[in-house]
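Remarks on the overall topology
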Amino acid sequence: MQRGLMKKALILSVVVFIIVSIVGPTAFLTIPADLNLLEEKEEEGNDQVRISESKEFHEVKGKIREGETLFDIFKKYGLHPGDLFSLREASADIHKLRNLRVDQPYRILFDADKQINSFTYWIDDDTILNITCGENGFCAEKIPVSYEKRTEQLAGVIKDNLISSLSQDKESLMLALDLSDIFAWDIDFATDIRKGDTFKVVVEGLYLNGEFRKYGRILSAEIVNKGEPYHAYRFEDEEGVDYYDAAGRSLKKAFLKAPLSFRRISSNFSRGRYHPILKITRPHHGIDYAALQGTPVSSAGDGTVVFAGKRGQYGNLVILRHRNGYTTYYGHLSKINSNVRKGVRIAQGSLIGNVGATGLATGPHLHYEMRINDRPVNPLSIKIPRGRTITGKSMAEFARVKAAMDIELASVSSSTFLASQKGTPEKAVNNGG
Ligand SMILES: [Zn+2]
């Protein structure tokens, strides 16, 4: 999650723009048929209550607006405040109605006397709160949303472009973040992506009433970055779920490609460089990532804190010790996270601090250093070992999954690519089985 957070801004600029243009905006407003089923259930159980009046029910639906409370909504439709208190009471144990989330859909059914029959509210994408009026007053329940899954294929050409708005299509944004997370060990979406790079994704589309609601799990993906193809296949066995390359090696590595989302590399690893402040030539045993003051910095790998505090020219410095003799250094930080203290274990991708210019620095940047047995190495050129490789019985099953996915990926034709560039949703999104 934190890795996703740290990379958000820059990924937006490249990938999302394209996906948005392929899929187009999606409607989120319509209340699904599931709710009608619920009503029927309720009416069965309380047959003497309101069935005869059901034709006279009025329905109002909408989405929660910024700052809007249930009281405001009741006032708007002239509903009884007494019912509002009953609703709150009925729902208190399973979901507090005090804090409604902006943009979440709701629906109210009431009769000619403005008596509430039911109140329905989408707590989140996966859960509906349904409060219905029965013999003994209001009764609340949470209902999981069950989606119909379809296989979607998306493809596009990546443009290095700034995105104007991310609220336009939240679902494509989430997909782009998931995609960047899958490839985060190989591709740094902030600096590695080039104009003309392409991607293909086979992903679950989650539908309600035949209407697209959001994306589910990415099943496979291909990114061609600077002419080099990268593949990801989702595979599950008794070891768990992971993404693997074509040879069945986990895409996970001991270290992320970059510990932050930065604007540019301002100084590369070098055995001798002219220092702008000291005005002497000396080796630079790290990578300087120029970034805005405050940019979140994440741990490149799982490790233990061996140092967190001020140290000379490094300014505020965090040193992590990893397995196999690796250590990583994060220097010039403006702030070190309060949980980052000597001896504490830190998971890969966890936030450890923020970019600053403490110590000997001309401007805000992260000085990132990697050492093996205390010998500085260039983190961008050494080969970082991968995680698990699929073996034994699982390998045959993986081969089957991969073959099926390769057919899906190959079916994204070159004409689809051209269409996707123009942003024609009908041609770019093929709904498979
Ligand atoms: Zn440096």
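Residues numbered from 1 in each chain as written. Predicted model: local features only at pLDDT ≥ 70, side-chain atom pairs only at ≥ 80, totals over all residues. Heavy atoms only, no water.

Thoughts on the environment of isoleucine 193
Along the polypeptide, isoleucine 193 turns up in the loop between α5 (170–182) and β7 (198–208). Considered as a pair, isoleucine 193 and isoleucine 158 are 35 residues apart in the sequence and their alpha carbons are 7.8 Å apart. (Helix = DSSP H or I, 4+ residues; strand = E, 2+ residues; numbered from the N terminus.)

Some thoughts on the sheet that holds strand β3 (residues 116–124)
Spatially, 5 strands are ordered β1-β2-β3-β4-β5 in an open sheet, and the strand pairing comes out antiparallel. Every other strand in the sheet has two partners, leaving β1 (58–63) and β5 (137–144) as the edge strands with one partner each. Taken over all neighbouring pairs, the strand axes of this sheet differ in orientation by 15 degrees on average, direction set aside. Helix-sheet contacts for helix α4 (residues 81–91) involve β3, β4 (127–134) and β5, and the interaxial angle to β5 is about 50 degrees. (Pairing = 2+ DSSP bridges. Axes fitted to C-alpha atoms, helices over the stretch in contact; angles between N-to-C directions. Contact = heavy atoms within 4.5 Å.)

Quick word on the pattern of salt bridges
Two side chains that carry opposite charge are able to pair once their charged atoms sit near each other. This structure, assessed with the given rule, holds 15 salt bridges. Here glutamate 68 ties to lysine 76 by a salt bridge, and the two come within 3.7 Å at their closest N and O atoms. By relative accessible area, lysine 76 is classed as partly exposed at 44%. Via salt bridges that share partners, Asp125, Asp126 and Lys214 belong to a single interconnected network. (Salt bridge = Lys/Arg side-chain N within 4 Å of Asp/Glu carboxyl O. Buried < 20%, exposed > 50% of the residue type's maximum accessible area, 1.4 Å probe, protein only.)

Side note on the confidence of the model for the chain
This prediction gives the chain a mean pLDDT of 78; 74% of its residues lie at or above 70. Here helix α8 (residues 425–428) stands out as the least confident element of the chain, with mean pLDDT 33; strand β17 (residues 315–321) is the most confident, with 98. A low-confidence stretch, residues 1–54 (pLDDT under 50), is modelled with 136 contacts involving residues beyond four sequence positions or located in other chains. Predicted confidence for residues 161–168 stays below pLDDT 50, and this span has 11 contacts to residues more than four positions away or in other chains. (pLDDT = per-residue confidence, 0-100.)

A look at α4
Considered for burial, the residues of α4 that qualify are Asp83, Leu84, Leu87 and Ser91. All buried residues of α4 project into a common sector of 105 degrees when viewed along the axis, lining one side. When the buried face of α4 is taken as reference, the exposed residues oriented beyond 90 degrees from it are Phe85 and Glu89. Check the buried side of α4 and you find it contacts α3 (70–76), β3, β4 and β5. (Arc of directions from axis to C-beta.)

Regarding the packing of aromatic side chains
Think of a pair of aromatic rings as described by two things: how far the centres are apart, and how the planes are tilted against each other in angle. For the coordinates displayed, the defined rule picks out 10 aromatic pairs. The interplanar angle of 45 degrees and the centroid separation of 5.0 Å between the aromatic rings of phenylalanine 255 and tyrosine 326 together place this pair among those described as tilted. Taken together, the residues span a long stretch of sequence, with phenylalanine 255 in the loop between β10 (240–244) and β11 (264–267) and tyrosine 326 in strand β18 (residues 326–333) at a distance of 71 residues. No difference in accessibility class separates phenylalanine 255 from tyrosine 326, as the two residues are buried. Pairwise contacts between aromatic rings join Tyr233, Phe235, Tyr244 and Phe398 into one cluster. Residue placement shows arginine 150 over the ring face of tyrosine 207; its charged tip is 3.9 Å from the ring centre. (Phe/Tyr/Trp six-rings, centres within 6.5 Å; stacked < 30°, edge-to-face > 60°. Lys NZ or Arg CZ within 6 Å of the ring centre and 35° of its normal.)

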